[in-house]
Amino acid sequence: MSALLKSGSLKTRIIWAVVLILMCLAPLISTEFRLSLLAKFLALAILAIGLDLIWGYGGVLSLGHGVFFGLGGYAMAMYLKLQASGTSLPDFMGWSGLSGLPWFWEPFRSFPVALILGIALPALLAFVLGWFTFRNRITGVYFTILTQALVLITVTLFIGKQEWTGGTNGITGYNSIFGFTLHSAGTTIVLYYITLAILVLTYLLCRRMVNSRFGQVLEASRDGENRVRFLGYDPAGYKTLTFALSGALAGIAGMLFVLQVGIISPSMMGIVPSIEMVLWVALGGRGTLIGAVIGAVVLNAAKTGISEAYPEGWLFVLGGLFVTVVLFVPHGLVGVYRNVVRLLKRRGEVVHVPVSKEKPEVY
């Protein structure tokens, strides 16, 4: 079995190496518009990996990741808007009757500060929420309801404070960073490679984490929290740290998303987008990491294609996918792949060997 695992591992690595090479060559074979779309999908895949950590490995379903995504997006948008406005107030503040820039906007004039806050704010919010809920052993559907309430509160606040956030229109009207036009061909390619590099780094770091003792304890707390507690570990601490990391990854995804799309608004951090995020992980296969990436890219690509052909039909497809995944494909696309491999083994197309106790690596 050891030889078979190593062979399978080698084949898998070769496949993903080929995929990575093709992704690196995408700017040579894709139009500027399609490349920007692909970069957006890759940014969303970073969020999906973070959500898979807390849901797939921690067993905690969050419907509030839209908030963390939005906080990161707003942090980057605030920096870009201030750079575009120069010494003047952002336009929506003038329309709302403000005569001066709010004090909490001032730090976002600096790109390093905006970058740090775009990661730290969602991570801190996730940490605080996780600390109070997991310490009080609030999990399951109750935690999910709390995260959904967080979305409602945040969206209502961002819409209501139009003079600070741009209201329902969000923050837009910026088209450059460091003097480079965001939507030029050269900038699009650079942002694509930056997004791809961050996605690969995120995947490798998270894969290392889930294969470590930390990941083993996290999975054990998902399957039997009381047993883990009796063994002397603190499940609440592990889940809190994982939730904070998941929020930070969502913030990074939000910042990259703004650079690709050029807008952030409350509608992008609401309940429907948060449910879509869960569906990305479910479709790809939760508890696999790579499944989260596949699900995010495939589902968003399908959303774009269906929306272009049938603008009114996407929500029906989304609902149908949700029901289909829950009822018929509970382990996602990665689970289907594994089932096919097992079936081929049973039919003799793969040599049968005794089962080993070795733990396969997570891909």
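What you see is a predicted model, and the numbers here were worked out from it, not measured in a lab.

## Here we look at the UniProt feature "transmembrane region" (unreviewed entry) in the chain
Then comes step 1: Here the UniProt-annotated "transmembrane region" (unreviewed entry) positions come out as residues 14-30, 37-57, 111-134, 141-160, 180-206, 241-265, 277-302 and 314-337.
Then comes step 2: For residues 14-30, the helix share is 94%, the strand share is 0%, and the end-to-end C-alpha distance is 23 Å.
Then comes step 3: Secondary structure within residues 37-57 divides into 100% helix and 0% strand; the distance between the first and last C-alpha atoms comes to 29 Å.

## Examining the packing of aromatic side chains
Then comes step 1: Going through the model one piece at a time under the given rule, you end up with 15 aromatic pairs.
Then comes step 2: Both rings, one in Phe-69 and one in Phe-257, keep their centres 5.2 Å apart while their planes meet at 65 degrees; by these two values the pair is edge-to-face. Taken together, the residues Phe-69 in helix α3 (residues 65-85) and Phe-257 in helix α11 (residues 235-261) connect sequence positions 188 residues apart. Phe-257 shares its class with Phe-69; the two are buried.
Then comes step 3: One residue, Arg-135, lies across the ring of Trp-131, its end atom 4.3 Å from the ring centre.

## So, unusual backbone geometry
Then comes step 1: Residue Arg-137 is not a glycine yet carries a positive backbone phi of 60 degrees.
Then comes step 2: Its place among the elements puts Arg-137 in the loop between α5 (111-135) and α6 (140-160).
Then comes step 3: Despite not being glycine, Phe-178 has its phi angle at roughly 55 degrees, a positive value.
Then comes step 4: Tracing the sequence through the fold places Phe-178 in the loop between β1 (176-177) and β2 (180-181).

## Some thoughts on the packing of helix α12 (residues 271-284) against helix α15 (residues 332-346)
Each pair of packed helices gets described by two things: the angle between the helix axes and the distance between those axes.
Then comes step 1: Look at α12 against α15: their axes get within 3 Å of each other, and the N-to-C directions meet at 5 degrees. Regarding the angle of α12 to α15, the classification is roughly parallel. Contacts between α12 and α15 pair Ala-282, Leu-283 and Gly-284 from the former with Gly-332, Leu-333 and Val-334 from the latter.
Then comes step 2: Looking at the contact of α12 with α15 residue by residue, the classes come out as four nonpolar, two polar and no charged.

## Digging into the side chain of Ser-62
Then comes step 1: Turning to its location among the elements, Ser-62 is positioned in the loop between α2 (32-57) and α3.
Then comes step 2: Under the relative-accessibility criterion, Ser-62 is labelled buried at 1%.
Then comes step 3: From its side chain, Ser-62 meets the backbone nitrogen of Gly-64 in a polar contact 3.2 Å long.
Then comes step 4: Side-chain polar atoms of Ser-62 contact the side chain of His-65, separated by 3.0 Å.
Then comes step 5: Setting aside its immediate chain neighbours within four residues, Ser-62 contacts Leu-51, Phe-143, Thr-147, Phe-243 and Val-278.

Calculation notes
- Residues numbered from 1 in each chain as written.
- Predicted model: local features only at pLDDT ≥ 70, side-chain atom pairs only at ≥ 80, totals over all residues.
- Heavy atoms only, no water.
- UniProt positions renumbered as here; feature names shortened; annotations may be inferred.
- Helix = DSSP H or I, 4+ residues; strand = E, 2+ residues; numbered from the N terminus.
- Phe/Tyr/Trp six-rings, centres within 6.5 Å; stacked < 30°, edge-to-face > 60°.
- Buried < 20%, exposed > 50% of the residue type's maximum accessible area, 1.4 Å probe, protein only.
- Lys NZ or Arg CZ within 6 Å of the ring centre and 35° of its normal.
- Axes fitted to C-alpha atoms, helices over the stretch in contact; angles between N-to-C directions.
- Parallel < 35°, antiparallel > 145°, perpendicular 65-115°, else oblique.
- Contact = heavy atoms within 4.5 Å.
- Nonpolar A, V, L, I, M, F, W, Y, C, P; charged D, E, K, R; others polar.
- Polar contact = N/O pair within 3.5 Å; in protein donor to acceptor, adjacent residues only side chain to side chain.

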